[in-house]
Amino acid sequence: MKDRKPRDRKYSQRNYRLFQMRKRIVVALLGGQCRVCKTREAPRGFHLHHISYHETESNYPRHSKSMSVREKRLAEAEAHPERFRLLCGKCHRLIETIRRLDHDEIIFLLSVE
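Reference entry: report on the structure contained in this document.

Calculation rules
Residues numbered from 1 in each chain as written. Predicted model: local features only at pLDDT ≥ 70, side-chain atom pairs only at ≥ 80, totals over all residues. Heavy atoms only, no water. Helix = DSSP H or I, 4+ residues; strand = E, 2+ residues; numbered from the N terminus. Buried < 20%, exposed > 50% of the residue type's maximum accessible area, 1.4 Å probe, protein only. Contact = heavy atoms within 4.5 Å. Areas by Shrake-Rupley, 256 points an atom, 1.4 Å probe, with all protein chains shown as cover. Core = buried A, V, L, I, M, F, W, Y, C linked by side-chain atoms within 4.5 Å.

1. Describing the overall build of the protein
What the protein contains, in helices and strands, is 4 helices and 2 strands. Secondary structure elements of the protein, listed N to C terminal, follow the sequence α-β-α-β-α-α. Counting across all 113 residues of the protein, residues that qualify as buried make up 25%. Residue pairs at least 24 apart in sequence account for 66% of intrachain contacts in the protein once pairs closer than 6 positions are excluded. Accessible surface, the protein: about 9100 Å² in total, of which carbon and sulfur atoms supply 54%.

Pasting the structure below:
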């Protein structure tokens, strides 16, 4: 039996290149810059931040990094860009951290003494 790994690797690399091309199109469609800090260069790429979830179309694990989930999220962003905001990694982490805090913690952190 032949070793299939080189062929599988080429297939994976080809799919990833196609994914990157599609993501560049979505990034351009969403403005090409971080919605918060306005940077146009994100060292590790831009993040697609969900602002609204659809019951059936967003039916995948929200914190997964698997390629199949990333492709589903990208397909949703292509079809419904109004559900997403383009963020750099730093701003995305900041927004997600703030979102997890409760109202009293946010007021405490923002208070000036």
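2. Focus: the side chain of His-92
Note on placement: His-92 falls in helix H3 (residues 89-100). With sequence-adjacent residues up to four places away left out, His-92 is seen in contact with His-47, His-49 and Leu-87.

3. Considerations on the nonpolar core
One finds Val-26, Leu-30, Cys-34, Phe-46, Leu-48 and Leu-86 to be the most contacted residues of the largest nonpolar core, which totals 15 residues. Looking at this core, the elements with two or more residues in it are helix H1 (5-29), helix H2 (67-79) and strand S2 (84-87). In this view, Leu-86 contacts Val-27, Leu-30, Gly-32, Gln-33, Cys-34, Arg-35, Phe-46, His-47 and Leu-48; residues no more than four positions away in its chain are not counted.

4. Thoughts on the environment of Glu-96
Mapped onto the elements of the fold, Glu-96 is located in helix H3. C-alpha separation for the pair Glu-96 and His-49, spaced 47 residues apart in sequence, amounts to 9.3 Å.

5. Topic: unusual backbone geometry
Although it is not a glycine, Lys-38 sits at a positive phi angle of roughly 70°. Tracing the sequence through the fold places Lys-38 in the loop between H1 and strand S1 (47-50). Classification of Lys-38 as partly exposed rests on a relative accessible area of 47%.

Without other data, these values stay purely geometric and don't point to any function.
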